[in-house]
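Structural overview for review
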Amino acid sequence: MLAALCGALGAGAASAAELMQAGVVSGTSVQVKSVAIPEPGADEVRIRVRAASVNPVDWKLAARGSAEGHIAGRDLAGVIDQLGPGVSAWKVGDPVIAVASSGSYAQYAVASVHAIAAKPARWSFNEAAGLPVVGETAWRAMVTVANVQRGQRVLVQGGAGGVGSMAVQIAHDRGAEVSATASASNAAFLRTLGASEVIDYHSERFEERLHDVDVVLNTVDPDIGLRSMKVIRPGGILVSVVGTPPADACTAAHIRCAITGSVTGQMLPFLVELANAGKLHMSVERVLPLSAAQQAWELSRAGHTRGKIILQIGGGRGAARDNAG
Ligand SMILES: NC(=O)c1ccc[n+]([C@@H]2O[C@H](COP(=O)([O-])OP(=O)(O)OC[C@H]3O[C@@H](n4cnc5c(N)ncnc54)[C@H](OP(=O)(O)O)[C@@H]3O)[C@@H](O)[C@H]2O)c1
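Computed from a predicted model, the values in this text were never measured in an experiment. (Residues numbered from 1 in each chain as written. Predicted model: local features only at pLDDT ≥ 70, side-chain atom pairs only at ≥ 80, totals over all residues. Heavy atoms only, no water.)

Some remarks on the environment of G135
Here G135 is to be found in helix α4 (residues 131–145). For G135 and R122, which are 13 residues apart along the polypeptide, the C-alpha to C-alpha distance reads 17 Å. With residues up to four places along the chain from it excluded, the contact list for G135 reads M166, I170 and L271. (Helix = DSSP H or I, 4+ residues; strand = E, 2+ residues; numbered from the N terminus. Contact = heavy atoms within 4.5 Å.)

Topic: the site of the ligand
Residues in contact with the ligand amount to 24 residues; listed here are only the nearest, K60, S183, Y201, H304 and T305. At 2.8 Å from an oxygen atom of the ligand is found a side-chain nitrogen or oxygen belonging to H304. Put simply, the parts of the chain that give the shell around the ligand at least two residues each are α2 (56–64), α4, α5 (162–173) and β9 (177–182). Of the residues that make up the shell around the ligand, three or more belong to each of domain 1 (20–131 + 282–322) and domain 2 (134–259). (Near = heavy atom within 4 Å. Polar contact = N/O pair within 3.5 Å; in protein donor to acceptor, adjacent residues only side chain to side chain. Domains from an automatic or database assignment.)

What to know about the packing of α4 against helix α9 (residues 268–276)
Across the interface, α4 lies against α9 with an axial gap of 9 Å and an inter-helix angle of 95°. The angle between α4 and α9 falls in the class roughly perpendicular. From α4, L131, P132, G135, E136 and W139 reach across to α9, where they touch L268, F270, L271 and L274. Here the residues of the contact of α4 with α9 are counted per class, giving seven nonpolar, one polar and one charged. (Axes fitted to C-alpha atoms, helices over the stretch in contact; angles between N-to-C directions. Parallel < 35°, antiparallel > 145°, perpendicular 65-115°, else oblique. Nonpolar A, V, L, I, M, F, W, Y, C, P; charged D, E, K, R; others polar.)

Section: the sheet that holds strand β13 (residues 256–259)
The six strands lie next to each other as β10-β9-β8-β11-β12-β13, forming an open sheet whose pairing is parallel. In this open sheet, the two strands that pair with only one neighbour each are β10 (197–200) and β13. Neighbouring strand axes in the sheet, compared pairwise and without regard to direction, differ in orientation by 20° on average. Across five bridges, the pairing between strand β11 (residues 213–218) and strand β12 (residues 232–240) is parallel. Residue pairing in the sheet places V216 in a bridge with L238 of β12. (Pairing = 2+ DSSP bridges.)

Topic: the domain arrangement of the chain
Domain annotation of the chain identifies domain 1 (20–131 + 282–322) and domain 2 (134–259). Facing the 11 residues of domain 1 at the interface are 12 residues of domain 2. Regarding the contact of domain 1 and domain 2, the summed buried area is about 760 Å², with carbon and sulfur atoms giving 52% of it. If you look at where domain 1 meets domain 2, you find five residue pairs in polar contact (both at pLDDT 80 or more). Residue composition of the side of domain 1 that touches domain 2, grouped by class: two nonpolar, six polar and three charged. (Buried area = accessible area lost by both parts, 1.4 Å probe.)

Side note on the packing of aromatic side chains
We describe a pair of aromatic rings using the distance from one ring centre to the other and the angle between the two ring planes. The tally for this structure, following the rule as stated, stands at two aromatic pairs. Taking the centre distance of 6.4 Å and the plane angle of 65° together, the rings of Y105 and W297 count as edge-to-face. Placement of the pair is Y105 in the loop between β5 (95–99) and β6 (108–112) and W297 in helix α10 (residues 293–301), with a sequence separation of 192 residues. In terms of burial, Y105 and W297 fall into one category: buried. (Phe/Tyr/Trp six-rings, centres within 6.5 Å; stacked < 30°, edge-to-face > 60°. Buried < 20%, exposed > 50% of the residue type's maximum accessible area, 1.4 Å probe, protein only.)

This is the structure:
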C-alpha cells in the first residue's frame, strides 16, 4: 500500500504520513504548528507553497471565531507537487498561483483546478502570491460589476492597499481617469500605478474636490461608502468590498450599489494575462517568514499596508529543485 502510494506520488513529492509547518488559527492569533500534509481530491492539485499572502480577512475570520483550528490564509504561489484524480491540464513542477481550499499559510496546500493559474512569468513567487485575492476582488469590482469604460471617472477609496492598488491599475488600463485616496506618502506610488489625482485623506475631504464620478470603489469602511455617494453622478455605481451599502441611501442618491461577491479563483487567468502584458505590477511592502505570521497580522491590522505583506515559505521535499526556478 505504502509502496503504491510512493509510486503514485513520484520523485520529490511528499508522502501522506509526513507533517508540515502551518500557521493555524488559535483564538485571535495564528500559531505555527506541525500538521498533516493535505491530500488532493478529485480535480484538485497539491502545491508546495513558496509564498502566501496576508489579507485582512485572515485575521477578521479569526476575530469572528469562524476559523478556529483551521490553517489561515487563502492565496499563494508555489509549485505543483501532486495531481489529484482527474487532473490532466497541469503537471507536477508547474509554477502556479492559487486560491487554496486548505489554507495557504503552510508548506503545502490543495486547490481546485478552477482556482489556479500559471504564475505570472516575470513575477517572483513573493509578488505572485499577493495577486489572487486582491487581484480578483479588484477585477470583479472594476470589470465584472462596474464594467469601467474608457473616459469614465473612477475613484478608488484606499488606493494604496492590496485591493486598491490593483483596482487603480485595472481601471487605468481600461482607459478611465483614476483618482485615489491615500496618505500623502503614497501619492507618488499611486501615480506610478496610473492614478492621475491622489487625495490625501488626512488633510482634505474628497467630497470637496470631486463630483460626477462614474464609479467609486470603497475598500476602506462603510462611512466612506456613505460619503462617496455624494460624489457619484446619478446612475453611477458604488462598489463596496467593506459591507453592503444601505439600499435606501443608494436609492436616495440615484446610484447603483453593488458588492463583489466571493473570491473563487476563476478570474485569475485574466489577471495573469494583464501581468504578463506588463500592465499589472505588484508592490510587496514586507516579506516575513512563516514563523512571523502573527507579526504579519499585527502589521496588517494597523491598516496602512502599501500593496501586500507576504509570508515566504520554504522547506518540504523538492524545495531545492523548485527553488532553483
Ligand atoms: N468582499 C471581498 O471580497 C473582499 C476581498 C478583499 C478585501 N476585502 C476587504 O477590503 C478591505 C481592504 O482590503 P485590502 O487587502 O486592500 O486591505 P489593506 O491592503 O490592508 O489596506 C490598507 C490600505 O488602506 C488605506 N487606508 C486606510 N484608511 C484609509 C482611509 N481612511 N482612506 C483611504 N485609504 C485608507 C491605507 O493607506 P494609507 O497607508 O495611505 O493610509 C493602506 O494602504 C478590507 O476590509 C478587506 O477585508 C473584501
